[in-house]
Amino acid sequence: MALVYEFVWRLLHALLQLHRTLVTWFRSHLWKWNGRLWKRAIAALIVPLALGFPNHKKCVPTTGKRVGRRLRFGADGKALEKLPLHVGLLIAEEEPRYSDIANLVVWCMAVGISYVSVYDNQGVFRRNNSRLMEEILRQQQEQLGADGSKYSVEFLSNGCDKQDHQVLSCQAVVNVLSPDDGRQGIVEAAQKLCRSVEQRERTAKDIDVTVLDSLLRETKNIPDPDLVLKFGPVQSTLGFLPWHIRLTEFISLPTHIDISYEDLLGALQSFAGCEQRFGK
């Protein structure tokens with residue numbers, strides 16, 4: 001029996017030695033193999049740079065990116081169940097950033113929105129109208145490239161049909177507004193109605209909402225905003241076209257600074273999914 005135990009013990013000892021030998025061999029060869037892989041990977045990255053070869057990412061043409069972006073804009077616009085005809089951008093922040101506002105305008109144009117109104121209650125954009133125009137045209141060229149002419153812009157002044165600047169045929173209208181546009185229009189319409197009553201062209205009984213509405217639209221030949229995107233912490237319309245927003249949907253966003261296209265698309269998707277009862 002003692003011989004059997006000794007034989008089993010020697011056999012186990014031999015198996016243990018064999019196991020240690022195999023583990024040591026595998027470790028050494030695996031380290032060498034991984035070392036060769038690392039060297040090949042590093043060489044694949046460093047050698048092309050040393051020789052001045054551009055990587056694959058840099059080889060992608062900028063025009064290709066623009067085309068892909070433009071196709072995405074169009075596809076996103078068509079995918080929406082309901083697309084607003086007129087979008088207002090209400091900036092309720094102290095320091096507006098023109099590049100971000102211009103991005104919003106260009107994205108709205110690209111998805112198929114025909115009218116975009118830019119508003120702040122301090123009249124900053126009205127006073128710097130030309131600067132905003134230049135930034136919009138620059139962003140249009142940068143993001144849409146040669147196809148930017150298909151999304152041409154017409155700039156309106158003071159909410160009327162006076163044209164400040166136009167790029168080829170108009171497909172989108174950009175309107176720069178201030179608090180004077182809404183209030184002044186109502187004042188002028190009221191004065192006109194009073195003069196007509198004074199001159200006995202109509203009686204006081206003839207004056208109603210429909211008459212006032214028609215007078216206001218004589219000086220503002222664009223549709224009422226379907227959607228207003230308000231940027232900033234202030235929970236107020238800040239005098240944005242008070243007569244023209246009776247049926248307008250408002251969506252609040254925290255800020256326009258560094259806003260992304262996905263933020264705008266999310267707001268448009270929310271508008272597309274909302275139910276507008278129109279007073280019913």
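A few points on the structure. Model, not experiment: these values are computed from the prediction.

With respect to the environment of His86
Within the secondary structure, His86 is located in strand β1 (residues 86-91). For His86, a relative accessible area of 0% corresponds to the buried category. Along the sequence, His86 and Pro223 sit 137 residues apart, while their C-alpha atoms lie 6.8 Å from each other. Looking at His86, its side chain comes within polar contact range of the main-chain oxygen of Pro223, at 2.7 Å.

Details of helix α8 (residues 261-273)
Count 3.6 residues to each turn of an α-helix, and residues three or four apart come out pointing the same way. Here α8 contains 13 residues, and its C-alpha end-to-end distance of 18 Å stays within 8% of the 18 Å for a straight helix at 1.5 Å per residue. Along α8, the residues that are buried comprise Tyr261, Leu264, Leu265, Ala267, Leu268, Phe271 and Ala272. Taken end-on, α8 shows its buried residues confined to a sector of 160°, consistent with a single buried face.

Details of the environment of Lys82
Relative to the helices and strands, Lys82 resides in the loop between α2 (62-79) and β1. Residue class for Lys82 comes out partly exposed when judged on its relative accessible area of 25%. Separated by 192 residues in the primary sequence, Lys82 and Cys274 place their C-alpha atoms 9.3 Å from one another. In this view, Lys82 contacts Phe271, Ala272, Cys274 and Gln276; residues no more than four positions away in its chain are not counted. Among the polar contacts made by the side chain of Lys82, one reaches the main-chain carbonyl oxygen of Cys274 at a distance of 3.1 Å.

Some details on the pattern of salt bridges
Evaluated as defined, the whole model comprises 6 salt bridges. We note a salt bridge from Arg97 to Asp258, for which the minimum N-O separation is 2.8 Å. Here Arg97, found in the loop between β1 and α3 (98-111), pairs with Asp258, found in the loop between β7 (249-253) and α8; they are 161 residues apart in sequence, far enough to count as distant. Relative accessible area serves as the criterion here: at 33%, Arg97 is assigned to the partly exposed category. Residue class for Asp258 comes out exposed when judged on its relative accessible area of 58%. In this structure, Arg138 engages Glu135 in a salt bridge whose closest nitrogen and oxygen atoms are separated by 2.6 Å.

Here's the deal with the packing of α3 against helix α5 (residues 129-144)
At their nearest, the axes of α3 and α5 sit 8 Å apart, and the two run at 55° to each other. Classed by the angle they form, the pair α3 and α5 counts as oblique. Handedness of the crossing formed by α3 with α5: right-handed. Contacts from Tyr98, Ser99, Ile101, Ala102, Asn103, Val105, Val106, Trp107 and Met109 in α3 reach Arg131, Leu132, Glu135, Ile136, Gln139, Gln140, Gln143 and Leu144 in α5. Its residues placed into classes, the contact of α3 with α5 shows 10 nonpolar, 5 polar and 2 charged.

Let's talk about the packing of α3 against α8
The N-to-C vectors of α3 and α8 enclose an angle of 55°; their axes lie 10 Å apart at closest approach. With respect to α8, the element α3 is oriented oblique. Judged by the twist between their axes, the crossing of α3 over α8 is right-handed. Contact residues: Leu104, Trp107, Cys108 and Val111 in α3; Tyr261, Leu264 and Leu268 in α8.

Reading guide: rules and limits
Residues numbered from 1 in each chain as written. Predicted model: local features only at pLDDT ≥ 70, side-chain atom pairs only at ≥ 80, totals over all residues. Heavy atoms only, no water. Helix = DSSP H or I, 4+ residues; strand = E, 2+ residues; numbered from the N terminus. Buried < 20%, exposed > 50% of the residue type's maximum accessible area, 1.4 Å probe, protein only. Polar contact = N/O pair within 3.5 Å; in protein donor to acceptor, adjacent residues only side chain to side chain. Expected span 1.5 Å × (residues − 1). Arc of directions from axis to C-beta. Contact = heavy atoms within 4.5 Å. Salt bridge = Lys/Arg side-chain N within 4 Å of Asp/Glu carboxyl O. Axes fitted to C-alpha atoms, helices over the stretch in contact; angles between N-to-C directions. Parallel < 35°, antiparallel > 145°, perpendicular 65-115°, else oblique. Left-handed = near helix turned anticlockwise from the far one by under 90°. Nonpolar A, V, L, I, M, F, W, Y, C, P; charged D, E, K, R; others polar.

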